[in-house]
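Each chain is listed here by its residues.
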Amino acid sequence: MADVVDKATRSRMMSGIRSKSTHPEIVVRKGLHAIGFRFRLHAKGIPGKPDLVLPKYQALINVHGCFWHDHGCRYCKTPSTNTAFWLEKLNANRLRDQRTIQLQLDSGWRCLIIWECAIRLAERMPQEFNVIHLSANWLTQGGRFAIIDEYGLVESD
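Residues numbered from 1 in each chain as written. Predicted model: local features only at pLDDT ≥ 70, side-chain atom pairs only at ≥ 80, totals over all residues. Heavy atoms only, no water.

A. Geometry of the packing of helix α2 (residues 23-34) against helix α5 (residues 131-141). The geometry of α2 relative to α5 is characterised by a closest axis approach of 10 Å and an angle of 65° between their N-to-C directions. As α2 runs across α5, the sense of the crossing is right-handed. The residues of α5 that touch α2, namely those facing Val27, Val28, Gly31 and Leu32, are Ile132, Ser135, Ala136 and Leu139. Broken down by class, the residue content of the contact of α2 with α5 amounts to six nonpolar, two polar and no charged. (Axes fitted to C-alpha atoms, helices over the stretch in contact; angles between N-to-C directions. Helix = DSSP H or I, 4+ residues; strand = E, 2+ residues; numbered from the N terminus. Left-handed = near helix turned anticlockwise from the far one by under 90°. Contact = heavy atoms within 4.5 Å. Nonpolar A, V, L, I, M, F, W, Y, C, P; charged D, E, K, R; others polar.)

B. Here's a closer look at α2. In a regular helix each residue adds 1.5 Å, so 12 residues correspond to 16 Å; α2 covers 16 Å between its end C-alpha atoms and thus fits that length. Pro24, Glu25, Val28, Arg29, Gly31 and Leu32 are the residues of α2 that are buried. Buried residues along α2 sit against β1 (40-41), β2 (52-54), β3 (59-64), β4 (110-115), α4 (116-124) and α5. (Expected span 1.5 Å × (residues − 1). Buried < 20%, exposed > 50% of the residue type's maximum accessible area, 1.4 Å probe, protein only.)

C. Layout of the side chain of Glu25. Mapping Glu25 onto the fold places it in helix α2. A distance of 3.0 Å separates polar atoms of two side chains, one belonging to Glu25 and the other to His42. (Polar contact = N/O pair within 3.5 Å; in protein donor to acceptor, adjacent residues only side chain to side chain.)

D. Structural view of the sheet that holds strand β5 (residues 145-149). The six strands lie next to each other as β1-β2-β3-β4-β5-β6, forming an open sheet whose pairing is mixed. Strand pairing shows two members of the sheet lacking a second neighbour, β1 and β6 (152-156), which therefore form its edges. Both β5 and β6 contribute to a ladder of five bridges, which runs antiparallel. Pairing of Asp149 across the sheet is with Gly152, part of β6. Packing against the sheet, α4 makes contact with β3, β4 and β5, and its axis sits at approximately 60° to β4. (Pairing = 2+ DSSP bridges.)

Here it is in structure tokens:
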């Protein structure tokens, strides 16, 4: 299927997508700040410049967009145009994320990945699914690595 806009318009639209201070990231920042957590943003000295750095807990939080980081959930659909490019791009993003997380863990940081789908679910059903409380619990008593997606918190080491 052909794209509905011309190449120049698509390029302009794609270049307008931010990599920092996205809606899901702001939701996490505001929620954690409201319950007393303090953090730094996008620390340059840490591999991958994580979204939130919580030195008191020796923890990093990355908020990943499901499409850009190739989560595989319902929000991650491969575009039907220029498919080969997108498959290569998304695979490279996934591999870069794996390398970055390993570097962060090797540097002694604890890492939490929060997926966009979890934020969306929490916004739809705030009483049943609370990403902020899951994150806070992990920060205060969790292990070295965890992921929060629409199915909840999954820890691994």
